[in-house]
Amino acid sequence: MLFVARPIAPDLETLSRYLKGCIEQRRFTNGGPLEATLELRLRELLSARHLCLVTNGTVAITLALTALGIRGQVITTPFTFSATTHAIIHAGAEEVFVDVDPVTLTIDPKLIEAAITPETEAIVGVHVYGIPCAVDEISAIAKKHGLAVIYDGAHAFNMTYRGTPIGRFGDATTYSFHATKLFHTAEGGAIEANSSDLAERLRLLRNFGIESEDVITACGTNAKMSEVSAAVGLAVLDLLGAEYDARAKLRSLYSDALKGIPDIRFLEAKEASDAGSYFIIYVPVSKRDELQNQLRQSGILARRYFYPLTSEGAYLGRQHDHRATPIAFEASRSVLALPYHGGVTEQHVALIAEIARRVLG
Ligand code: T4K
């Protein structure tokens, strides 16, 4: 089976070295040395002003919203992994969906203002597949209406947009370090904050709101990254460059092999560095599931990221009409994430192209 993702496997000796220290010191969590080292190394890598490591990318979004005091309406995209929407709801806020731009599949800034009400407090955009949101337009709208902006950067780790690190936009950007991500800590995540006040609040909230041994000043949670996850992250960091290069090569192999097949559209970031997170094709609604099935029969597990729309969840407790977001609805029935990692060979790419040509051609 060729999976859509294959995590970087840390070198066992390197990982053991980190874990040995952990075991010898009997230090496993609560702000240990490995977490501090990883936080510092990632802050340098991302050129981040402030970075706060947490347990996963979902909690990162909820914590960012909570730290910003958001409990009203949040304008967001339904074309994302369920985590984005769930995190908004877990923060006690109300999700308000607007459609996505047909080219970037990120939240359409032209539709945001019409969705603003007196209850609106924030915008949560998603740099989906490492395609940057329209950050300038979003920032202008947010400034005009006094809204907070959080970007879900689960797919946008270490990328730049027009030469600027992606985390510099908005009040905060959240990351996922799940095993399926380019950089991972098995489970983990982070929040990049653009103000020291927000960073301080995030640190407080990720550790139960404990300010000092006998002073608790906020209703925080437990979102701390463990030393074991940090050890995985530190060991994975050494191998990041090689995996990134393999994916860049794979991107061009895919582009060449699939070029010219009728009805395939590639989704790619413009004016941005390649995040190395996903390779996505956009095909006609009538052919997408057939293509996925044919690939599966040959042992290739392409995934429908993201189907269904998060707004389609009947469990949300609020009715959302998907006809109000037709571009996102069509996208959820048209996209296919192809296997994208260092384990994909030229032979795999040739087979995938042959199947795509058969189904689409
Ligand atoms: N925002 C966005 C936009 C996101 O995409 C995500 C997560 C989040 C927020 C939330 O971040 P976290 O809270 O997860 O940190 C996966 C991931 O679990 C999820 O992290 C990710 N997005 C989402 C797009 O994909 P599944 O249910 O599709 O994963 P799964 O288990 O089917 O894995 C995919 C393939 O990867 C498998 O077929 C095999 C391979 N795999 C997976 C794991 C876990 C491995 O080879 N080894 C592994 O350890 O959700």
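Residues numbered from 1 in each chain as written. Predicted model: local features only at pLDDT ≥ 70, side-chain atom pairs only at ≥ 80, totals over all residues. Heavy atoms only, no water.

**As for the side chain of Thr77**
For step 1, the next point in the chain: Examined against the element boundaries, Thr77 turns out to sit in the loop between strand S2 (73-76) and helix H4 (82-90).
For step 2, the next point in the chain: For Thr77, a relative accessible area of 1% translates into the label buried.
For step 3, the next point in the chain: For Thr77, the contacting residues outside a window of four places in its chain are Thr85, Phe97, Val98, Val100, Ile107, Val124, Val126 and Thr310. (Helix = DSSP H or I, 4+ residues; strand = E, 2+ residues; numbered from the N terminus. Buried < 20%, exposed > 50% of the residue type's maximum accessible area, 1.4 Å probe, protein only. Contact = heavy atoms within 4.5 Å.)

**Quick notes on the packing of aromatic side chains**
For step 1, the next point in the chain: Counted by the stated rule, this structure contains 15 aromatic pairs.
For step 2, the next point in the chain: Arranged with centres 6.1 Å apart and planes meeting at 5°, the rings of Tyr129 and Phe306 form a pair that is stacked. In this pair, Tyr129 sits in the loop between strand S4 (120-126) and helix H6 (135-145) while Phe306 sits in the loop between helix H10 (285-297) and helix H11 (326-332), placing the two residues 177 residues apart along the sequence.
For step 3, the next point in the chain: Looking at Phe306, the relative accessible area reads 5%, which means it is buried. (Phe/Tyr/Trp six-rings, centres within 6.5 Å; stacked < 30°, edge-to-face > 60°.)

**A short note on H6**
For step 1, the next point in the chain: Buried within H6 we find Val135, Ile138, Ile141 and Ala142. Projected down its long axis, H6 shows its buried positions confined to an angular sector of 130°, all on one face. Exposed side chains of H6 directed beyond 90 degrees from the buried face belong to Lys143 and Lys144.
For step 2, the next point in the chain: Looking at the buried residues of H6, the elements they touch are helix H5 (109-115), S4, strand S5 (148-152) and strand S6 (160-161).
For step 3, the next point in the chain: Once H6 finishes, Gly146 follows within two positions and takes phi at roughly 65°, a positive value. (Arc of directions from axis to C-beta.)

**Describing the environment of Thr185**
For step 1, the next point in the chain: Tracing the chain through its elements places Thr185 in the loop between strand S8 (172-176) and strand S9 (189-193).
For step 2, the next point in the chain: In the structure, Thr185 is positioned 148 residues away from Thr37 in sequence and 13 Å away in space, judged by C-alpha atoms.
For step 3, the next point in the chain: Here Thr185 is in contact with Leu38, Phe177, Met225, Ser229, Val232 and Gly233, once residues within four sequence places are set aside.

**Some thoughts on the sheet that holds S2**
For step 1, the next point in the chain: Read across the sheet, 7 strands follow the order S1-S9-S8-S5-S4-S2-S3 without closing on themselves; strand pairing throughout is mixed. Where the open sheet ends on each side, the last strands, each with one partner, are strand S1 (50-54) and strand S3 (94-97). Direction aside, neighbouring strands of the sheet carry axes that sit 25° apart on average.
For step 2, the next point in the chain: Pairing geometry for S4 and S5, over 5 bridges, is parallel. (Pairing = 2+ DSSP bridges. Axes fitted to C-alpha atoms, helices over the stretch in contact; angles between N-to-C directions.)

**Regarding the domain arrangement of the chain**
For step 1, the next point in the chain: Here the chain is partitioned into domain 1 (12-98 + 107-237) and domain 2 (240-360).
For step 2, the next point in the chain: In this structure, domain 1 and domain 2 have C-alpha centres spaced 25 Å apart.
For step 3, the next point in the chain: Domain 1 puts 33 residues into the contact, and the matching count from domain 2 is 30 residues.
For step 4, the next point in the chain: Carbon and sulfur atoms supply 64% of the area buried between domain 1 and domain 2, which totals about 2600 Å² over both sides.
For step 5, the next point in the chain: When the buried area of domain 1 at its contact with domain 2 is split by residue, Phe79, Tyr129 and Leu182 rank highest and sum to 29% of it.
For step 6, the next point in the chain: Remark: the boundary between domain 1 and domain 2 carries 2 salt bridges.
For step 7, the next point in the chain: A salt bridge links Arg162 to Glu271, with the shortest nitrogen-to-oxygen separation between them at 3.2 Å. (Domains from an automatic or database assignment. Buried area = accessible area lost by both parts, 1.4 Å probe. Salt bridge = Lys/Arg side-chain N within 4 Å of Asp/Glu carboxyl O.)

**Description of unusual backbone geometry**
For step 1, the next point in the chain: In the segment running from Tyr305 into Phe306, the intervening peptide bond is cis, with an omega of 20°.
For step 2, the next point in the chain: Backbone torsion omega between Tyr307 and Pro308 reads -10°, so that peptide bond is classified as cis.
For step 3, the next point in the chain: Inspection of the secondary structure assignment puts Pro308 in the loop between H10 and H11.
For step 4, the next point in the chain: For Tyr129, which is not glycine, the phi dihedral falls at a positive 60°.
For step 5, the next point in the chain: For Tyr129, a relative accessible area of 6% corresponds to the buried category.
For step 6, the next point in the chain: Of note, the phi angle at Ala186 is positive, near 75°, even though the residue is not glycine.
For step 7, the next point in the chain: When you line up the elements, Ala186 lands in the loop between S8 and S9.
For step 8, the next point in the chain: Relative accessible area serves as the criterion here: at 35%, Ala186 is assigned to the partly exposed category.

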